[in-house]
Amino acid sequence: MSVEQALQARSNSQCELCTSKDSLSVYLVPPESDGSVQQTAYLCATCIDQINGDQDMNLNHWRCLNDSMWSQEPVIQVLSYRMLHKLSSESWAQDAIDMLYLEDNVKHWAEQGIAAEQTNGPTRDSNGTELQAGDNVTLIKDLKVKGANFIAKQGTMVRGISLTDNPEHIEGKVNGTKIVLVSAYLKKA
């Protein structure tokens, strides 16, 4: 039996996340799927496109996670956890994350994918706005600067930022000193 046939049997020929019966295909779960039934899912084109970021996120579509997160299949639990994490700014998604219990190895697998995505993702400010090299940002809270004897005050403008390899950090000059700042404490000006 092929992987696709096994997935069709496991899923009753429907998307394992939203239960759609249209445009189904095998989805290799990143970051390191070996192509086995245990590390693949049978998903519809809509779910795949939104997971991969090829299509704008439809919040109502993902309400299906309230059901799929209870799947007995670890791979579906992983995908559900990752999507709920992406949607965690929505109260219903955060409530679902709080209710969800994952075995340690399943949670580790789910978080590996989240970490890989964040490493490769864009740098965003505290409001979720994507930051680019050369942007100007404003500090949204006072920050004690390690190694320099000053505090960067809330409201300080940092002009012409530089991006780093870590999407959670940017570089910029404050009080004439080049420092690394956490993007969560910044707002694009």
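Right, let's walk through the structure included here. (Residues numbered from 1 in each chain as written. Predicted model: local features only at pLDDT ≥ 70, side-chain atom pairs only at ≥ 80, totals over all residues. Heavy atoms only, no water.)

Examined bridge by bridge, strand β8 (residues 169–174) and strand β9 (residues 177–182) share six bridges and lie antiparallel to one another. Residue pairing in the sheet places His 169 in a bridge with Val 182 of β9. Between the antiparallel neighbours β8 and β9 lie two residues, among them Asn 175 with a positive phi of about 55°. (Pairing = 2+ DSSP bridges. Helix = DSSP H or I, 4+ residues; strand = E, 2+ residues; numbered from the N terminus.)

Within the secondary structure layout, Glu 16 lies in the loop between α1 (3–11) and β1 (24–28). We classify Glu 16 as buried; its relative accessible area is 13%. A polar contact is formed between the side chain of Glu 16 and the backbone nitrogen of Tyr 42, at a distance of 2.7 Å. Glu 16 has contacts with Leu 7, Arg 10, Ser 11, Ala 41, Tyr 42, Leu 43, Ser 68 and Ile 76, leaving out every residue within four places of it along the chain. (Buried < 20%, exposed > 50% of the residue type's maximum accessible area, 1.4 Å probe, protein only. Polar contact = N/O pair within 3.5 Å; in protein donor to acceptor, adjacent residues only side chain to side chain. Contact = heavy atoms within 4.5 Å.)

Cys 15, Leu 17, Leu 43, Cys 47, Trp 62 and Leu 84 are the most contacted members of the largest nonpolar core, which totals 36 residues. Among the secondary structure elements, those contributing two or more residues to this core are β1, β2 (40–44), α2 (45–51), α4 (74–86), α5 (91–99) and α6 (104–120). A per-element tally of this core places α4 first, with seven residues. Setting aside residues no more than four positions away along its own chain, Cys 15 makes contact with Ser 20, Leu 24, Tyr 42, Leu 43, Cys 44 and Cys 47. (Core = buried A, V, L, I, M, F, W, Y, C linked by side-chain atoms within 4.5 Å.)

Okay, the pattern of salt bridges next. By the definition in use, this model includes four salt bridges. A salt bridge links Glu 16 to Arg 10; the shortest N-O distance between them is 2.7 Å. Between Lys 178 and Glu 171 there is a salt bridge, and its shortest N-O distance comes to 3.6 Å. Of the residues examined, Lys 178 reaches a relative accessible area of 54% and is grouped as exposed. One network of salt bridges, in which partners are shared, links Arg 10, Glu 16 and Glu 73. (Salt bridge = Lys/Arg side-chain N within 4 Å of Asp/Glu carboxyl O.)

Turning our attention to a nonpolar patch on the surface. There is a patch of nonpolar side chains on the surface, built from Ile 140, Val 182 and Tyr 185 and spanning about 200 Å² of accessible area. Structurally, Tyr 185 can be placed in the loop between β9 and β10 (186–188). Given the relative accessible area of 31%, Tyr 185 is considered partly exposed. (Patch = residues over 30% accessible without salt bridge, like charges linked within 9 Å, V, L, I, M, F, W, Y side chains within 5 Å. Areas by Shrake-Rupley, 256 points an atom, 1.4 Å probe, with all protein chains shown as cover.)

Within α1, the full set of buried residues consists of Ala 6, Leu 7 and Ser 11. Looking down the long axis of α1, one finds its buried residues gathered within 120° of arc, a one-sided arrangement. Looking one or two places after α1, you find Asn 12, whose phi comes out positive at around 60°. (Arc of directions from axis to C-beta.)

Take it as geometry only, folks, not as evidence of what the structure does.
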